[in-house]
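Here is how the chains run, residue by residue.
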Amino acid sequence: MTLADETAPTREATEPAEPPRVPAWRRGARPYLLSIPALAVVVGILYPFLSGAYYSLLDYSAGNTHVKLVWFRNFADVLSDGGLWRSVGVTVEYALIATAVETVLGVGVALLLNRSTLIGRIFEKVLILPLMIAPVIAATMWKLMFDANFGILNHVLGLGHTFNWLSKDHALYSAILVDVWVYTPFVAVLVLAGIRSLPAEPFEASDVDGASWWYMFRRLMLPMIYPYILVAVIFRLMDCLKIFDIIYALTAGGPGTVTTTLQINAFEDSITHFNYSRGSTYMFLLWVLVFIAARFLVGVLTKAQKRAAGTEG
Amino acid sequence: MARRELMPGQKRVSAGGVVADTVTVLWFIFALFPIVWMFLLSLKNNVQQTSTYFGFTPTWTNYLTVLGSKGEQLTSVDFKSAVLTSVLACAGATAVSLVVGIPAAYAAGRWKFRGAESLMFNMLSFRFAPELMVIVPLFVIYHYLHLFDTTVGLIWVLQLVTMPLVVWILRSYFQDLAPELEQAALLDGYTRIRAFFSVALPLVRPGIAAAALLAFIFAWNNYIFPLILTDSNATTVTVAVTKFLGGGGQAYYNLTAAAALLGVLPPLVLALCIQRYLVRGLSFGAVKS
């Protein structure tokens, strides 16, 4: 329970008693002093972040020698342009589908591995492996497998040379498939850790009562691991909203614009076309989207954690 | 840790058990097939690389090509030096984030001070901030400071990825540490600093190991920062791997597969060595039990 934790005991109580030779003001300042190095780093990122926000108010692009403040003209341009809404649509579709599939599969895999059968125990060790593979490398690997002519997938699935995984109709879903391959283990690991932390007694009691597996899962386990699932959803949704590497390596946003997410779009504006201000405008809007989603989900999580703490106690 | 079985009903229903085993195996075919296929592909020669059959004469030359000067000619990327850069940059970023992050994690785990929660939320929000928003200004700053395409520049930017991770994981470990232990040391006449170094720090060593390794792996897996902030001198493994697929001319499937496996190997080996701590670290960073 680390996100906005309000139920934890206050930390003052845990501070060790000290001999009076240390003055009180120094004791009070101690946590701040310890945080100074980290805060310095935070400032180090804050500066480029604020610069990026400022760029969105300029007409900063390669070849423009007289960069000037244009206030919100970039925002007006971008918001009235169909490109933004198209990439918002692609981004949201990608994020929602990938997160939903990964959550359901992740919980399923965690349940499968929670059994103390031999197969469950062996595969638990293997579970974490895809997580160690860089998403961009994973996407590169899948790109080879997706190839309509030489790829293994069409061969194994008996699709011949006809099915094109990276075509207009399928590219977004193929990218989601790669995301699911890379990140479902992440959800499974989190949920499995949650399941392991549950008390055994309620399950033993309802087993004695002859409750079915499904009943125990739905009425006992699911409510108790709900906060863990929610944390996984938060991490996945936030990361999916700013997806870049998987799509860039797999389709580079194409064909056409069917896989052009917000960050891919900003990459094209800033890096490919050197229009830094337009790219920054895109990124600022994405940041707002991510921030709103994060605030909302953290609020839901705090509530869920309080409820879970209440039922456990 | 002793394993207990939750929901024992699963064990009784043998038909359900068979179904569950089957689904588990199917999942792991899905999870492992790409890796196995890449390995097979990396052993094929240039003629066989486009065939989808499993029967072929394996050859190790692709790995030699990727690591040798021939790979460099094909992709204009020196893969060997990319591996070296990655190792240096990720180790450097991990070291910096440990030095900076451990005091902050200790502060956040031990005391409830004004701003602690918002500091933590802000750290997490960096993880969620779109990278490109900071990259374009960084690109300008890096050119100005001559950090573009240098290992030092990479360390600085990768540290932005790893530091929040280290603080988040270690904070939970420090919170779990009974404050009485340090209290006892203080009563014995230890100074606060000595109590931290000789009591608290050794006890969270597994946490530090998990945080350091996860930080290393996250830095290793990063793609967008080295893609934009480096060129040929300080390019990393993730960028180098994608070069083998070729933008223009011919795509080298077998070489790509060999490079991909070489790029995956270091984090994979590290992960296997300390897997138990890794899972704990991963779940602790996000949720605290």
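Residues numbered from 1 in each chain as written. Chains lettered and ligands numbered in written order. Predicted model: local features only at pLDDT ≥ 70, side-chain atom pairs only at ≥ 80, totals over all residues. Heavy atoms only, no water.

As annotated in an unreviewed UniProt entry, chain B carries the name ABC transporter permease and comes from Actinocatenispora thailandica.

In the annotation of an unreviewed UniProt entry, the entry for chain A reads Transporter, and the organism field reads Actinocatenispora thailandica. Database annotation for chain A, UniProt heading Sequence similarities (unreviewed entry): "Belongs to the binding-protein-dependent transport system permease family." (UniProt positions renumbered as here; feature names shortened; annotations may be inferred.)

Asker: I'd like a description of the pattern of salt bridges, backed by residues and values.
Answerer: With the rule as written, the count across this model stands at nine salt bridges over all chains. Residue Asp59 of chain A pairs with Lys68 of chain A through a salt bridge whose shortest N-O separation is 3.2 Å. Residue class for Asp59 of chain A comes out buried when judged on its relative accessible area of 18%. With a shortest N-O distance of 3.1 Å, Lys242 of chain A and Glu131 of chain B are connected by a salt bridge. Here Glu131 of chain B lies in helix 7 (residues 131–145) and Lys242 of chain A lies in the loop between helix 9 (213–241) and helix 10 (245–250), a pairing that spans two chains. Taken together, the shared-partner salt bridges connect Glu102, Asp179, Arg236, Asp239 and Lys242 of chain A together with Glu131 of chain B into one network. (Salt bridge = Lys/Arg side-chain N within 4 Å of Asp/Glu carboxyl O. Buried < 20%, exposed > 50% of the residue type's maximum accessible area, 1.4 Å probe, protein only. Helix = DSSP H or I, 4+ residues; strand = E, 2+ residues; numbered from the N terminus.)

Asker: Quick one: what's the story with unusual backbone geometry, residue by residue and with numbers?
Answerer: The backbone phi angle of Trp71 of chain A is positive, close to 55°, even though this residue is not glycine. For Trp71 of chain A, the location among the structural elements is in the loop between helix 1 (24–55) and helix 2 (73–80). Although it is not a glycine, Asp149 of chain B sits at a positive phi angle of roughly 65°. Residue placement: Asp149 of chain B occurs in the loop between helix 7 and helix 8 (151–176).

Asker: Describe the UniProt feature "transmembrane region" (unreviewed entry) in chain B, listing the residues and the values that go with them.
Answerer: Residues and elements named next belong to chain B. In this numbering, the UniProt entry assigns the feature "transmembrane region" (unreviewed entry) to residues 12–40, 82–107, 128–147, 153–174, 195–220 and 251–274. In residues 82–107, helix accounts for 100% and strand for 0%; the two terminal C-alpha atoms are 37 Å from one another. The span residues 128–147 shows a helical share of 80% and a strand share of 0%, and its end C-alpha atoms are spaced 25 Å apart.

Asker: Tell me about helix 9 of chain A, and please be specific about residues and values.
Answerer: Residue and element names in this part refer to chain A. The terminal C-alpha atoms of helix 9, which comprises 29 residues, lie only 35 Å apart, well short of the 42 Å expected from a rise of 1.5 Å per residue. The largest bend in helix 9 amounts to roughly 50° and is located at Leu222, with the proline Pro223 lying one to four residues further along. Burial of helix 9 is extensive: 21 of the 29 residues sit out of reach of the surface. (Expected span 1.5 Å × (residues − 1). Bend = angle between axes of the 7 residues up to and from the residue.)

Asker: Give a description of the side chain of Glu131 of chain B that names residues and reports values.
Answerer: Owing to a relative accessible area of 17%, Glu131 of chain B belongs among the buried residues under this scheme. Polar contacts involving the side chain of Glu131 of chain B include one to the side chain of Lys242 of chain A, which spans 3.1 Å. Here Glu131 of chain B is in contact with Lys242 and Gln263 of chain A together with Ile224 and Phe225 of chain B, once residues within four sequence places are set aside. (Polar contact = N/O pair within 3.5 Å; in protein donor to acceptor, adjacent residues only side chain to side chain. Contact = heavy atoms within 4.5 Å.)

Asker: Lay out the interface of chain A and chain B with the relevant residues and their values.
Answerer: Between chain A and chain B, the contact holds 115 residues from the first and 104 residues from the second. Across the interface of chain A and chain B, roughly 10600 Å² is buried in total on both sides, 75% from carbon and sulfur atoms. At the junction of chain A and chain B, the tally comes to nine residue pairs in polar contact (both at pLDDT 80 or more). Across the side of chain A that touches chain B, the residue classes tally to 79 nonpolar, 17 polar and 19 charged. (Buried area = accessible area lost by both parts, 1.4 Å probe. Nonpolar A, V, L, I, M, F, W, Y, C, P; charged D, E, K, R; others polar.)

Asker: Account for the side chain of Arg115 of chain A, with residues named and values stated.
Answerer: With respect to the helices and strands, the residue Arg115 of chain A is situated in the loop between helix 3 (82–113) and helix 4 (118–127). Within the structure, the side chain of Arg115 of chain A is placed 2.7 Å from the backbone oxygen of Leu112 of chain A, a separation counted as a polar contact. Polar contacts involving the side chain of Arg115 of chain A include one to the side chain of Thr24 of chain B, which spans 3.2 Å.

Asker: Before we move on, could you go through the packing of aromatic side chains and cite the residues and values that matter?
Answerer: In this structure the tally under the stated criterion is 32 aromatic pairs over all chains. Seen in terms of ring centroids, Phe75 of chain A and Phe284 of chain A are 5.8 Å apart; in terms of plane orientation they differ by 90°. Their pairing is edge-to-face. One end of the pair, Phe75 of chain A, is in helix 2; the other, Phe284 of chain A, is in helix 12 (residues 276–312), with 209 residues separating them in the sequence. Since its relative accessible area comes to 23%, Phe284 of chain A is described here as partly exposed. Relative to Phe244 of chain B, the ring of Phe79 of chain B lies with its centre 6.0 Å away and its plane at 65°, an arrangement referred to as edge-to-face. With Phe79 of chain B in helix 5 (residues 79–110) and Phe244 of chain B in the loop between helix 13 (237–243) and helix 14 (253–273), this pair connects stretches of sequence that are 165 residues apart. Overall, the relative accessible area of 1% leaves Phe79 of chain B in the buried class. (Phe/Tyr/Trp six-rings, centres within 6.5 Å; stacked < 30°, edge-to-face > 60°.)

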